[in-house]
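# Structural features, examined
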2 protein chains.
Amino acid sequence: MKFKQTLPQIDLPLDMIHLGIGQPSNYLLPSKEMEKAADHCLSKGNNFFLAYGEERGNSNFRGTLAEFLTAQYQKPVDPDQLLITNGNSQALDFICTLFTCPGDTVLVEEPSYFLALKIFADHKLNPVSIPVDDNGLMTDVLEERLETINPAFLYTIPTYHNPASVTLSLKRRQELIRICAQKNLLVVADEVYHFLNYSDDPPPSMGTWNNICPLISLGSFSKILAPGLRLGWMHTSEEVIKKISGSGLMVSGGGLNPFTSEIVNSVISLGFLKTHIQRLRNVYRQRIEIFCDQLKKYLPDQVMFKVPKGGYFIWVKFLDGVDTNTFRKETQKQNVDFYPGNFFSHQKELKNYMRLCFSFYDEKILAEGARRLGKVISDNLS
Amino acid sequence: MKFKQTLPQIDLPLDMIHLGIGQPSNYLLPSKEMEKAADHCLSKGNNFFLAYGEERGNSNFRGTLAEFLTAQYQKPVDPDQLLITNGNSQALDFICTLFTCPGDTVLVEEPSYFLALKIFADHKLNPVSIPVDDNGLMTDVLEERLETINPAFLYTIPTYHNPASVTLSLKRRQELIRICAQKNLLVVADEVYHFLNYSDDPPPSMGTWNNICPLISLGSFSKILAPGLRLGWMHTSEEVIKKISGSGLMVSGGGLNPFTSEIVNSVISLGFLKTHIQRLRNVYRQRIEIFCDQLKKYLPDQVMFKVPKGGYFIWVKFLDGVDTNTFRKETQKQNVDFYPGNFFSHQKELKNYMRLCFSFYDEKILAEGARRLGKVISDNLS
């Protein structure tokens, strides 16, 4: 098998299977739907979305999005509790600008999304980590930590965690809300994988608690439609929305993405988003099944992972003392790659883990990747 | 005349003529061109622009933009010296994140764009102002000030200044570059009005000096195509581009606006941008002629202004001691409004000025606005 899959942000060597890449496959990018939606939107003769928009996002798009979220969450979402963003990376960056100063402490999960850690570093913030177990963020540790520190916010990935693949249980969500309400601690919940469930529905989105504690739920079209749109939303209280939409960037720019918003308005109205999410769920569910089977077949018994229930990732655990970096050169030589666990730890720990992603390659390539990876690991651990 | 002109960011009372508004008229937003360009772009079956993009912007769009700028500037622009942004407000905000810390001094012009001042305030920066005269930023004052302070950057609007409407002369540009090269001071040049010249060409874009001193030229499609696109560019050195494109936001988000970029790629390739700019020049040139005639007719002799050579604004000067805020309530009562000079001063000075904008209304309404304004001012100054 010789192939080359290239996207603008990545350029891999011929035949390389890079299981670190957290992007959708090329063929899962909905170009036909975008074409139809753009035509639907632009042929109406409207042009308000070409002007400076409302700071929080134009009201008709927020209305459509609120309806969509209401149906998905099966709980009412108010359009006035939504603020349109350029995706979660931009939202996170902007939250740092408006809610922190350099040197502030921010709480992060251990592990956490490695590029969120980079955004916090760009803002010269000081991350302190709270561990994650099979039920997500360990709220008892959080509560203990909050006795001695006063962070600017807590950054959490509650559902189908990147990289740990775990989901914060309902009980823990309630605990988290109770603790943060009591301490008046802002929760920034990155819920980018919330809609990518492959079996049961996840617990309610954190956004639905925004009236109880200071909380911003970050949603995005990157994983459920297309990353290149740079479109997402905050679901939060009107108080927070007022603060953010009064900022210089918002008033000067007039909303973060009015043009793309209106095309995605058509994507939703035409029913394409719902269908596309269903398609993604089916594709990823099937990939997981095959990929996990092959991993089980080829990985030594001492290497452990759980079959993901949603999201993009498999978080593979090796015995204590193993450092997955030590055999990365060899896997690369065998044309298979991954991200080692320390990428996801702000203290560069968790070296006995690796993150594997199944969003980018189809079953056949994933199976081959599992085979190549298993061979190198077996050789190295034996 | 009873009318109501509404856009998402603004909602004016019936019949109000708000001469403060710095937006293009509704009918100048190129909806037909955007429809054709989207069709041209999306019907090709490509979808790379739906994926995470290159951090600095996808190369084919940077190529097209570089060609366009090369033709306009009549000097070669290298695609590798361009970084695609979400427009100048976002770019400015992000420069603050990456190049400043709270408490840092930034140099601004007196007057300056009021929402840039708001962005600097959001970043807790400390603005120090350098005056502007008929030839733009007073470089001799700048040089003197730099003997005692060490600012993070200088923010300047070199061409068709907002609000002062002046243009930095070629000699001053050379002076500015010399001084900033010597002091290693980063120049952030907001060149959003550069292409909106109504008589002669302006001096060369500041971007063309980026190899001589630390300099970021900010360009935007907001004033030459449509603000709702949230699309612009930095023209700067490869060193600066490397720093910015290595940031967490860029690596995580994969470029700031790949989808809209590719549609605008078609706008440029199809020749629409050139034609649209020509149309804007013709429309605004005609508006200025009529508006200035009417202002001359209705404003008292002691009130002075220069006929703008480009951009969006007329900067009207009253005698020392006059405060234009004092008659703003009365003008509002008479259904005409403006922005008083102190909006554009970080020290809230320049009260004896007002900014009038001719981009939003057609000739007939501008003429009526001039009449209404002239009447209130005459009554108040007599």
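Structure first, text after, so check above.
Quick look at the structure, then. Note that this is a predicted model, so its numbers are computed, not measured.

What follows covers the overall build of chain A. Counting its secondary structure elements, chain A contains 12 helices and 13 strands. Whereas a compact globule of 382 residues would reach a radius of gyration of roughly 21 Å, chain A reaches 21 Å, a difference of no more than 12%. Counting only C-alpha atoms, chain A reaches 60 × 55 × 35 Å along its principal axes. A burial count over chain A gives 65% of its 382 residues as buried. Of the contacts formed within chain A by residues at least 6 apart in sequence, a portion of 73% connects residues at least 24 apart. With the model as given, the accessible surface of chain A reaches about 13800 Å², and the carbon-plus-sulfur share is 47%.

With an RMSD of 0.0 Å, chain B superimposes on chain A once it is rotated by 180° and translated 0.0 Å along the axis. Between the two chains, the operation in question is that of a two-fold axis. A symmetric contact is evident, with 100% of the interface residues of chain B recurring at the interface of chain A.

If you walk through the whole model with that rule in mind, you get 52 aromatic pairs over all chains. Here the basic side chain of A:Lys243 rests over the ring of A:Phe99, its NZ or CZ set 4.7 Å away from the ring centre. Sitting above the plane of the B:Phe338 ring, B:Arg328 keeps its charged end 6.0 Å from the centroid.

The next point concerns the pairing of strand 10 (residues 313-317) of chain B. Residues and elements named next belong to chain B. Among the 5 residues in strand 10, 4 count as buried, and that is most of the element. The pairing of strand 10 with strand 13 (residues 353-357) spans 5 bridges and is antiparallel. Within the sheet, the bridge partner assigned to Lys317 lies in strand 13 and is Tyr353.

The next thing to look at is the nonpolar core. Counting 156 residues, the largest nonpolar core has A:Phe221, A:Leu356, B:Phe221 and B:Leu356 as the members making the most contacts within it. Counting 39 residues, the second-largest nonpolar core is a separate cluster that includes B:Phe94, B:Val240, B:Trp315 and B:Phe344.

Moving on to the sheet that holds strand 13 (residues 353-357) of chain A. Residues and elements named next belong to chain A. Read from one edge of the open sheet, 3 strands run 10-13-12, paired in antiparallel fashion. The open sheet is flanked by strand 10 (313-317) and strand 12 (339-340), the only strands paired with a single partner. Summarising the sheet, strand 12 and strand 13 pair through 2 bridges and their orientation is antiparallel. Looking across to strand 13, one finds that Pro340 is bridged to Met354.

Charged atoms that come close allow side chains of opposite charge to pair. Under the counting rule described, the total for this entry stands at 28 salt bridges over all chains. Measuring nitrogen to oxygen at the nearest pair gives 2.8 Å for the salt bridge that ties B:Glu368 to B:Arg372. Here B:Glu368 and its partner B:Arg372 are both found in helix 12 (residues 363-381), 4 residues apart, which amounts to about one turn of the helix. Taken individually, B:Glu368 and B:Arg372 each receive the classification buried, so the pair is uniform in this respect. Between B:Asp379 and B:Lys375 there is a salt bridge whose closest N-O contact spans 3.2 Å. Separated by 4 residues within a single helix, B:Asp379 and B:Lys375 lie in helix 12, roughly one turn from each other. The partly exposed category is assigned to B:Asp379, whose relative accessible area is 48%. Members of the salt-bridge network, linked through shared partners, are A:Asp15, A:Glu368, A:Arg371 and A:Arg372.

Moving on: the pairing of strand 2 (residues 82-85) of chain B. Residues and elements named next belong to chain B. Residues Leu82 and Ile84 line one face of strand 2 and the alternating positions Leu83 and Thr85 line the opposite face, and both faces are buried. Sheet analysis places strand 2 next to strand 9 (residues 232-236), joined by 4 bridges and oriented antiparallel. Residue pairing in the sheet places Leu83 in a bridge with Met234 of strand 9.

This brings us to unusual backbone geometry. Residues and elements named next belong to chain A. Along the chain, Asn162 connects to Pro163 via a cis peptide bond; the corresponding omega equals 10°. In this structure, Pro163 sits in the loop between strand 6 (153-156) and helix 6 (170-183). With a phi close to 70°, Ser165 is a non-glycine residue in the positive phi region. The topology assignment puts Ser165 in the loop between strand 6 and helix 6. The exposure class assigned to Ser165 is buried, which follows from its relative accessible area of 14%.

Contact with chain B, which involves 65 residues of that partner, is made by 65 residues of chain A. Summing both partners gives a buried area of about 5100 Å² for chain B against chain A, and 61% of it is carried by carbon and sulfur. Contact with chain A buries surface across chain B, with B:Gln9, B:Leu50 and B:Tyr52 losing the most and accounting together for 16% of the total. Joining chain B to chain A, the criterion identifies 0 salt bridges. On inspection of chain B and its partner chain A, the count reaches 25 residue pairs in polar contact (both at pLDDT 80 or more). At the level of elements, helix 1 (31-42), helix 3 (88-99), helix 4 (114-122), helix 8 (248-253) and helix 9 (258-269) of chain B are the ones that each hand at least two residues to the side of chain B that touches chain A.

Residues and elements named next belong to chain A. The terminal C-alpha atoms of helix 9 (residues 258-269) lie 16 Å apart, and with 12 residues this matches the ideal 16 Å at 1.5 Å per residue to within 8%. In terms of burial, helix 9 is largely enclosed, as 11 of its 12 residues are buried. All buried positions along helix 9 are accounted for by Pro258, Phe259, Thr260, Ser261, Glu262, Ile263, Val264, Asn265, Ser266, Val267 and Ile268. Following helix 9 by one or two positions, Gly271 has its phi on the positive side, about 85°.

Turn by turn, an α-helix covers 3.6 residues, leaving residues three or four places apart pointing in a common direction. All names here are of chain B. Here helix 3 is 12 residues long and its end C-alpha atoms lie 16 Å apart, about the 16 Å a rise of 1.5 Å per residue gives. Counting buried positions over the 12 residues of helix 3 gives 11, a clear majority of the element. Looking only at helix 3, the buried set comprises Asn88, Ser89, Gln90, Ala91, Leu92, Asp93, Phe94, Ile95, Cys96, Thr97 and Leu98.

Attention shifts here to the environment of A:Leu196. Structurally, A:Leu196 can be placed in the loop between strand 7 (186-190) and strand 8 (215-220). Discounting chain neighbours no more than four positions away, the residues touching A:Leu196 are A:Tyr160, A:Lys223, A:Ile224, A:Leu280, A:Tyr284, A:Lys309, A:Gly310, A:Gly311 and A:Tyr312.

This part is about empty space enclosed by the protein. A full pass over the atoms with the stated rule returns 8 cavities of 30 Å³ or more. There is about 160 Å³ of room inside the largest cavity. Forming the walls of the largest cavity are 16 residues, and the residues nearest its centre are A:Thr97, A:Pro102, A:His123, B:Pro102 and B:His123. Listed by contribution, the elements that provide at least two residues to the lining of the largest cavity are helix 3 (88-99) of chain A together with helix 3 of chain B. If you add up the space inside the second largest cavity, you get close to 60 Å³. Lining the second largest cavity are A:Gln90, A:Asp93, A:Phe94, A:Leu249, B:Gln90, B:Asp93, B:Phe94 and B:Leu249. Elements with a minimum of two residues in the lining of the second largest cavity: helix 3 of chain A together with helix 3 of chain B. When the residues that make up the lining of the second largest cavity are grouped by side-chain class, the tally is 4 nonpolar, 2 polar and 2 charged.

A few words on the sheet that holds strand 4 (residues 126-133) of chain A. Residue and element names in this part refer to chain A. Taking strand neighbours across the sheet as the criterion, the 8 strands line up as 2-9-8-7-6-3-4-5 in an open arrangement whose pairing is mixed. Unpaired on one side and paired on the other, strand 2 (82-85) and strand 5 (136-137) mark the two borders of the sheet. In this fold helix 3 packs onto strand 2, strand 6, strand 7, strand 8 and strand 9 (232-236), with an angle of close to 155° to the strand it touches most, strand 8.

This structure, assessed with the given rule, holds 0 disulfides over all chains. Free cysteine: A:Cys213, not disulfide-bonded; nearest cysteine sulfur from A:Cys180 at 5.2 Å. B:Cys357 takes part in no disulfide bond, and the closest cysteine sulfur to it belongs to B:Cys292, at a distance of 12 Å. Judged by relative accessible area, B:Cys357 falls into the buried class, the value being 1%.

Rules and cut-offs
Residues numbered from 1 in each chain as written. Chains lettered and ligands numbered in written order. Predicted model: local features only at pLDDT ≥ 70, side-chain atom pairs only at ≥ 80, totals over all residues. Heavy atoms only, no water. Helix = DSSP H or I, 4+ residues; strand = E, 2+ residues; numbered from the N terminus. Rg over C-alpha atoms; globule rule 2.2 N^0.38 Å. Buried < 20%, exposed > 50% of the residue type's maximum accessible area, 1.4 Å probe, protein only. Contact = heavy atoms within 4.5 Å. Areas by Shrake-Rupley, 256 points an atom, 1.4 Å probe, with all protein chains shown as cover. Least-squares fit on C-alpha atoms with pLDDT ≥ 70 in both. Phe/Tyr/Trp six-rings, centres within 6.5 Å; stacked < 30°, edge-to-face > 60°. Lys NZ or Arg CZ within 6 Å of the ring centre and 35° of its normal. Pairing = 2+ DSSP bridges. Core = buried A, V, L, I, M, F, W, Y, C linked by side-chain atoms within 4.5 Å. Salt bridge = Lys/Arg side-chain N within 4 Å of Asp/Glu carboxyl O. Buried area = accessible area lost by both parts, 1.4 Å probe. Polar contact = N/O pair within 3.5 Å; in protein donor to acceptor, adjacent residues only side chain to side chain. Expected span 1.5 Å × (residues − 1). 1 Å grid on protein atoms, 1.4 Å probe; cavity = no way out; pocket = protein on both sides within 12 Å on 5 of 7 lines; lining within 4 Å. Points joined across faces, edges and corners; volume = space filled by probe spheres on them. Nonpolar A, V, L, I, M, F, W, Y, C, P; charged D, E, K, R; others polar. Axes fitted to C-alpha atoms, helices over the stretch in contact; angles between N-to-C directions. Disulfide = S-S within 2.5 Å.

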